Amino acid sequence: GTLVGQFTIGGMTCAACVNSVEGILRDLPGVKRAVVALATSLGEVEYDPTVISKDDIVNAIEDAGFEASLVQ
Ligand code: 9UX
C-alpha cells in the first residue's frame, strides 16, 4: 500500500526550484507521486512506507539545499 505525506518546503523561490524538488522526490525509491506548489510551499508525496519513511523524504529535500518539515 501507499501513504500520502504532506511537507512544508522552504527556500523555493522560482518555478525551477519546484521542478527540481519534484524531480528529487520522484527519483527516490518508494516514491510513487510528488506534487509541489510554489505558492503554498507545500509538497504532497505518495510513497510506499515499506521502502521509504517520511524522515527519509525530509532528509532528501534538505540534502538538496531546501528546508523541509512534516505537516501534521
Ligand atoms: Mo530559481 Mo531555485 O532561478 O533553487 S531554481 S531560485
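Residues numbered from 1 in each chain as written. Predicted model: local features only at pLDDT ≥ 70, side-chain atom pairs only at ≥ 80, totals over all residues. Heavy atoms only, no water.

S.K.: Would you take a moment to explain the overall build of the chain for this structure?
M.R.: Within the chain one finds two helices and four strands. In sequence order, the chain lays out its α and β elements as β-α-β-β-α-β. For 72 residues, the compact-globule formula gives about 11 Å, and the C-alpha radius of gyration of the chain, at 11 Å, lands near that figure. Along the longest, intermediate and shortest principal axes, the C-alpha atoms of the chain span 35 × 25 × 20 Å. Relative to all contacts within the chain whose residues are 6 or more apart in sequence, the contacts with residues 24 or more apart total 58%. Here the chain displays about 4,000 Å² of accessible surface, and carbon together with sulfur accounts for 51% of that area. The distance from the centre of the 4 positive side-chain charges to the centre of the 10 negative ones in the chain is 9 Å. (Helix = DSSP H or I, 4+ residues; strand = E, 2+ residues; numbered from the N terminus. Rg over C-alpha atoms; globule rule 2.2 N^0.38 Å. Contact = heavy atoms within 4.5 Å. Areas by Shrake-Rupley, 256 points an atom, 1.4 Å probe, with all protein chains shown as cover. Lys, Arg positive; Asp, Glu negative; His and termini not counted. Charge placed at Lys NZ, Arg CZ, Asp CG, Glu CD.)

S.K.: Before we go on, may I ask you to explain the site of the ligand in this structure?
M.R.: Residues in close proximity to the ligand include Thr13, Cys14, Ala16, Cys17 and Phe66, which together make up its full environment. For the shell around the ligand, a count of residues per class yields four nonpolar, one polar and no charged. (Near = heavy atom within 4 Å. Nonpolar A, V, L, I, M, F, W, Y, C, P; charged D, E, K, R; others polar.)

S.K.: Looking at this structure, how should I read the pattern of salt bridges?
M.R.: Pairing is possible between side chains of opposite charge, provided their charged atoms come close. Under the defined criterion, the tally for this structure stands at three salt bridges. Between Glu44 and Arg33 there is a salt bridge, with the nearest N and O atoms lying 3.5 Å from each other. Linking Glu44 in strand E3 (residues 42–47) with Arg33 in strand E2 (residues 31–37), this pair joins segments that are 11 residues apart in sequence. The network of salt bridges with shared partners includes Arg33, Glu44 and Glu46. (Salt bridge = Lys/Arg side-chain N within 4 Å of Asp/Glu carboxyl O.)

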